[in-house]
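# Descriptive structure summary
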Amino acid sequence: MNTLKKKRMELGVTQDYLAEKIGVSKITINRWENDARIPNICDLENIIRYYQLTDEELHRFISYVNKNNK
């Protein structure tokens, strides 16, 4: 399961709620979670802040972003 989706589900929030909190559309959240798009640096900062990612989670997510940005 995608790291972003897994974290969102752990917190029990909807795509709509998360989108509102980090300032993007629900469609954007859906695309990130389905590996159709990757977050830009500004959105990435908002994601990290909202999710309060651990160092391990942040490392895993950045590795994922780098892998899919080639």
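Residues numbered from 1 in each chain as written. Predicted model: local features only at pLDDT ≥ 70, side-chain atom pairs only at ≥ 80, totals over all residues. Heavy atoms only, no water.

### Quick look at the side chain of Glu33
Worth spelling out the cut-off: A run of H or I in DSSP becomes a helix once it reaches four residues, and a run of E becomes a strand once it reaches two; helices and strands are each numbered from the N terminus. Residue exposure (1.4 Å probe, protein chains only): buried if accessible area is under 20% of the type maximum, exposed if over 50%, otherwise partly exposed. Counted as a polar contact is a pair of N or O atoms within 3.5 Å, where, for protein atoms, one must be capable of donating a hydrogen and the other of accepting one, and residues adjacent in sequence contribute only when both atoms are in side chains. Contacts are residue-level and defined by heavy atoms, with any inter-residue pair within 4.5 Å sufficient.
Among the structural elements, Glu33 can be located in helix H3 (residues 26-33). Using a relative accessible area of 5% as the deciding quantity, one classes Glu33 as buried. Here the side chain of Glu33 touches Arg8 through a polar contact of 2.6 Å, side chain to side chain. If sequence neighbours within four positions are ignored, Glu33 has contacts with Asn2, Leu4, Lys5, Arg8 and Gln15.

### What about empty space enclosed by the protein?
The condition is simple: Only protein atoms enter the 1 Å grid used here, on which a cavity is any set of points holding a 1.4 Å probe that cannot leave and a pocket is any open set flanked by protein within 12 Å on both sides along at least five of seven lines; residues with an atom within 4 Å of a point are listed as lining. Grid points are joined across faces, edges and corners, and a volume is the space filled by probe spheres set on the points.
Tallying each qualifying case throughout the model produces one cavity of 30 Å³ or more. By volume, the largest cavity is sized at about 30 Å³. Lining the largest cavity are Leu4, Leu18, Ile22, Ile29, Trp32, Glu33, Ile47 and Tyr51. Of all the elements in the fold, those that place two or more residues in the lining of the largest cavity are helix H2 (15-22), H3 and helix H4 (41-51).

### A short note on the packing of helix H1 (residues 3-11) against H4
Put simply, the test is: Axes here refer to lines fitted to C-alpha atoms; in helices the fit is confined to the stretch in contact. Angles between the N-to-C directions go from 0 to 180 degrees. If you view the pair so one helix is near and one far, a crossing is left-handed when the near helix is turned anticlockwise from the far one by less than a right angle, and right-handed when it is turned clockwise. For this classification, Asp, Glu, Lys and Arg are treated as charged, while Ala, Val, Leu, Ile, Met, Phe, Trp, Tyr, Cys and Pro are nonpolar and the rest, including Gly, are polar.
Between H1 and H4, the least distance of the axes is 11 Å, while the angle of their chain directions is 35 degrees. At the point where H1 passes H4, the crossing takes the left-handed sense. Listed contacts from H4 to Leu4, Lys7, Arg8 and Leu11 of H1 are Ile47, Tyr50 and Tyr51. Each residue belonging to the contact of H1 with H4 can be placed in one class, and the counts come to five nonpolar, no polar and two charged.

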